[in-house]
Amino acid sequence: MPNDSRELILRRIRKALAVTAPARHLVGAVTGPSGHPPQDWLPPVPASEAERIALFEKNSLDLKTEVRRCSDAAAAASELAALARENNWKSIGSHRFALGNEAVSALGLPVVFTDQPYETASLERCDAAVSGCDCLVAQTGGIMVTSASAGGRVLSVLAPHHVVVASTSQLLGDLADAFAVLRKHHGSPPAFVSFITGPSRTGDIERILVLGAHGPKKLTVLLVQA
Amino acid sequence: MSTESVQFHRDADRLTHDLRHRALIQKALGGYYIKRDEQKKKYTDWQQARASAAAAKYEAVNHLDTYLIELSDKLAARGTKVFWAADGAEAADYIASVARGAGVKRIIKSKSMTGEEIHLPQALEKAGLEVVESDLGEFIVQLRGEPPYHIVFPSMHLTRGEIDATFQKKLGSAHADTPEELTMIARNVMRQKYCEADMGISGANFAVAETGHISITENEGNARLSTSLPDLLVTIVGIEKVVPKLDDLAVLLPMLATAGAGQNMTCYNTLLGGPRQPGETDGPREFHVVLLDNRRTALLADPEQRDALHCIRCGACLNVCPIFKNIGGHSYGTTYQGPIGSVITPHLRGLQSWKHLSFSSSLCGACAETCPVKIDLHHHLLQNRRNAIEQKPVWWEKPIFAGFAWFMRRPGLYRFAAPMLRLAAPVLHAIRGQDIDPLSLWTRTRDLPVPPSQSFKEYWRDRNAKR
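This structure is a prediction, so every number in the text was calculated from the model and none was measured.

## Let's talk about the overall build of chain B
When you go through chain B residue by residue, the secondary structure sums to 24 helices and ten strands. Along the first, second and third principal axes, the C-alpha atoms of chain B reach 100 × 55 × 45 Å. Sorting the 467 residues of chain B into buried and exposed places 50% on the buried side.

If you want it as structure tokens, here you go:
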């Protein structure tokens, strides 16, 4: 192994920083230790739950994420069964999570569970992935997943259709709220966290939007009232 | 003129007259402007958000040693191996040796401009490894043997027809008409590659010191797959990518998406804090993070331009730059194109060889105005010009100005010479821009105004005489 240049780089940095740089960008700014938290300048997030759900749904629509509202867990199970029929699923990938366990087993389909050792090839052959999440973010229309909440690092990105089962109590305002949840659920943020904001997409050919570049072509959120 | 400068002027001249190229770029960017403005309008205050983003980066860059040590310690605490590379060769050697040590044959790589900067794919291929770019745009330009055209949109200079031809030739695929079909061809090829690869390589958009996480922003899902399927993962991070707090990302991630692609958030924003942990069933078993200097500390040592290290590589300054829109990304001959490339390349690769980029600017300031982290780009272009001349003065400039000053201090001579110029004007006009025109360097691309029939002095004299 070649030698590390840690000390050399740190020496260069300290020598460079001996001279202070002007902070021109702070002229006229009201952000800072005594000012507003930076997220105050981002797109506003309403306070009430109903409005937040509406904002999440609107952002999801723009992102081409399908949101299906479910009154309770039983309704979510029947929506999942409907999705399985509509899309002709033969097998799915999933993991054990409170909101999804019954709905997944009620499908009666072969399931590759990714919260136990599994083969990538068999997961790759699945028609859909059903997972939970840590939270939903109203401001961006995003879904925050971690290995613990969404069956590992791969499940939520490998299948052509990703279905997230989440409850309305998991819907938060912005990313800063989501980071707070990370700290609350996990102590310190775990080794894998991902914000999923819509189905996989690309615009690399003539800047024309194509869904399902490498990850899921479809993303469905079953939003259970809680 | 440096060879880089000769190449630049030749390519820029060719592409400026390529109307097909121009139409393609205008169309692509037209869509971007609309989406970007729609997103910006949603912000409570875009200007204050810019100041917040700039403040986070200012804090990081001006305490770089502290935050890098914190980042490195936090990453190591979860079992990540951190390697500090002083230059590109050191980084590439290390990554090649990691690959050799693990008996790697096939590498799947997601987008990394830092990797491009140090020619990492070429170095690994030379070491006998297969490197496949998984980002669709990068994959297309890799198949064509071209460098990326744009920091964010690597293949924006190509039509579907050209991409179809490339795929047919290189992949043996059937003819495809639509972007959708072409994307699916790449998707299917890539699926195979993900499963076969024994090593993944990725870049980084941010690195969070507080928690020890690498943050990767993407739309396609290729980075998520490249960083979670292979058993071995290497991420290459420029040292300026560090941010102090996790909460800084609450602003930076949406702003990167808005400035870069007119999105609310990009599709996947992933935080990687280590290899597979106890209790995890997938993810890489080994994770290396390479922190790269490669002359970033030289830019850091220039307090006047230090804020250029705030750059989050969103590409917004390219998208609004009148020079970029005319000459295109490849003409620059650099890893980083557009205004930011013109500012930092002289620091990274030598001022005298790359100063021409700072002179190729209208100084309109659109870049500085659009930059989400408030880099003072157009002033930095001026500073590069000044530094270049101070370092290596042009020998004839001083005598010319001395002569001009001498001439201007002699009213008699001026009175005699001014009508001469007026007489010469029609001749100069007739030969304007041609080889025999002594001013052709200037007039080839500029108009030569016809001098007025009278000087102000003459006019004033006549006017008073009439009274």
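## Some details on helix α10 (residues 179-196) of chain B
In this model α10 of chain B runs 26 Å from its N-terminal to its C-terminal C-alpha over 18 residues, within 8% of the 26 Å that 1.5 Å per residue would give. Every buried residue of α10 of chain B is listed here: Pro179, Leu182, Thr183, Ala186, Arg187, Met190, Lys193 and Tyr194 of chain B.

## Some remarks on the packing of helix α8 (residues 136-144) of chain B against helix α9 (residues 160-171) of chain B
All names here are of chain B. Two elements in contact, α8 and α9, have axes separated by 10 Å at closest approach and are oriented at 60°. In terms of crossing hand, the pair formed by α8 and α9 is left-handed. Contacts between α8 and α9 involve Ile140, Leu143 and Arg144 from the first element and Ile163, Thr166 and Lys170 from the second. The class makeup of the residues in the contact of α8 with α9 is three nonpolar, one polar and two charged.

## Brief notes about the sheet that holds strand β8 (residues 171-172) of chain A
Within a beta sheet, neighbouring strands are joined by backbone hydrogen bonds and run either parallel or antiparallel to one another. Strand order in the open sheet made by the eight strands is β8(A)-β5(A)-β6(A)-β9(A)-β9(B)-β6(B)-β5(B)-β8(B), with mixed pairing throughout. Pairing within the sheet leaves two strands with one partner each, and these edge strands are β8 of chain A together with β8 (242-243) of chain B. Looking at chain direction, strand β6 (residues 142-146) of chain A and strand β9 (residues 192-196) of chain A are connected through four bridges and run antiparallel. Considered in β9 of chain A, the bridge of isoleucine 143 of chain A is made with isoleucine 196 of chain A.

## A closer look at α9 of chain B
All names here are of chain B. With twelve residues, α9 should cover 16 Å at 1.5 Å per step; its first-to-last C-alpha distance of 15 Å lies within 8% of that length. Of all the positions in α9, only Ile163, Asp164, Thr166 and Phe167 are classed as buried. With its buried residues spanning 160° around the axis, α9 presents them on a single face. Exposed side of α9, more than 90 degrees from the buried face: Gly161 and Lys169 are the residues found there. Residues of α9 that are buried sit in contact with α8 and α10. In the segment just after α9, glycine 172 is the residue with positive phi, at about 65°.

## Focus: the domain arrangement of chain B
For chain B, the assigned domains read domain 1 (1-42 + 312-393), domain 2 (45-294) and domain 3 (405-466). With centres defined by C-alpha atoms, the gap from domain 1 of chain B to domain 3 of chain B works out at 35 Å.

## Quick notes on the interface of chain A and chain B
Across the contact, 77 residues belong to chain A and 86 residues belong to chain B. Going through the elements one at a time, α1 (6-16), α5 (120-124), α7 (175-186), β9 and β10 (201-202) of chain A are the ones with two or more residues in the side of chain A that touches chain B. Among the elements that line the side of chain A that touches chain B, the one with the most residues is α1 of chain A, at nine residues. Tallied by class, the residues present in the side of chain A that touches chain B amount to 38 nonpolar, 24 polar and 15 charged. Relative to strand β9 (residues 268-272) of chain B, β9 of chain A runs antiparallel, the two sharing five bridges. The residue of β9 of chain B that forms the bridge with phenylalanine 192 of chain A is leucine 272 of chain B.

## Comments concerning the confidence of the model for chain B
For chain B, mean pLDDT is 95; residues scoring 70 or higher make up 100% of the total. Predicted complex metrics record ipTM = 0.96 and pTM = 0.93.

## Focus on the sheet that holds strand β1 (residues 66-70) of chain A
Residues and elements named next belong to chain A. Strand order in this open sheet of six strands is β1-β12-β7-β4-β2-β3, and the pairing throughout is parallel. The open sheet has two free edges, formed respectively by β1 and β3 (111-113), since each of these has just one partner strand. With direction set aside, neighbouring strand axes in the sheet form an average angle of 20°. Here strand β4 (residues 128-131) runs beside strand β7 (residues 161-167); their pairing, made up of three bridges, is parallel. Note that in β7 the partner of alanine 129 across the bridge is histidine 162. Running over the sheet, helix α3 (residues 73-86) touches β1, β4, β7 and β12 (218-224) and is turned about 160° from β12.

## Things to note about unusual backbone geometry
Non-glycine residue asparagine 88 of chain A carries a positive phi angle of around 55°. Summarising the element assignment, asparagine 88 of chain A is placed in the loop between α3 and β2 (92-94). A positive phi is found at arginine 313 of chain B, a non-glycine position, where the angle reads about 55°. As for its position among the elements, arginine 313 of chain B is in the loop between α13 (296-300) and α14 (316-320).

## So, the nonpolar core
Where a protein is soluble and globular, its nonpolar side chains tend to be buried together. Counting residues in each nonpolar core, the largest one holds 185 residues, and the members touching the most others are Leu80 and Val165 of chain A together with Leu64, Val242, Leu252, Val290 and Leu291 of chain B. By residue number, the principal contributor to this core is helix α12 (residues 248-261) of chain B, which donates ten residues. Taken domain by domain, the makeup of this core includes at least three residues from each of domain 1 (1-42 + 312-393) and domain 2 (45-294) of chain B. Those residues in contact with valine 290 of chain B that sit more than four places away from it in its chain are Phe83, Ala85, Ala91, Tyr94, Ile95, Val234, Ile236 and Val237 of chain B.

Reading the values: the criteria
- Residues numbered from 1 in each chain as written.
- Chains lettered and ligands numbered in written order.
- Predicted model: local features only at pLDDT ≥ 70, side-chain atom pairs only at ≥ 80, totals over all residues.
- Helix = DSSP H or I, 4+ residues; strand = E, 2+ residues; numbered from the N terminus.
- Buried ≥ 20, exposed ≤ 12 C-beta atoms within 10 Å, placed from the backbone.
- Expected span 1.5 Å × (residues − 1).
- Axes fitted to C-alpha atoms, helices over the stretch in contact; angles between N-to-C directions.
- Left-handed = near helix turned anticlockwise from the far one by under 90°.
- Contact = placed C-beta atoms within 7 Å.
- Nonpolar A, V, L, I, M, F, W, Y, C, P; charged D, E, K, R; others polar.
- Pairing = 2+ DSSP bridges.
- Arc of directions from axis to C-beta.
- Domains from an automatic or database assignment.
- pLDDT = per-residue confidence, 0-100.
- Core = buried A, V, L, I, M, F, W, Y, C linked by C-beta atoms within 7 Å.

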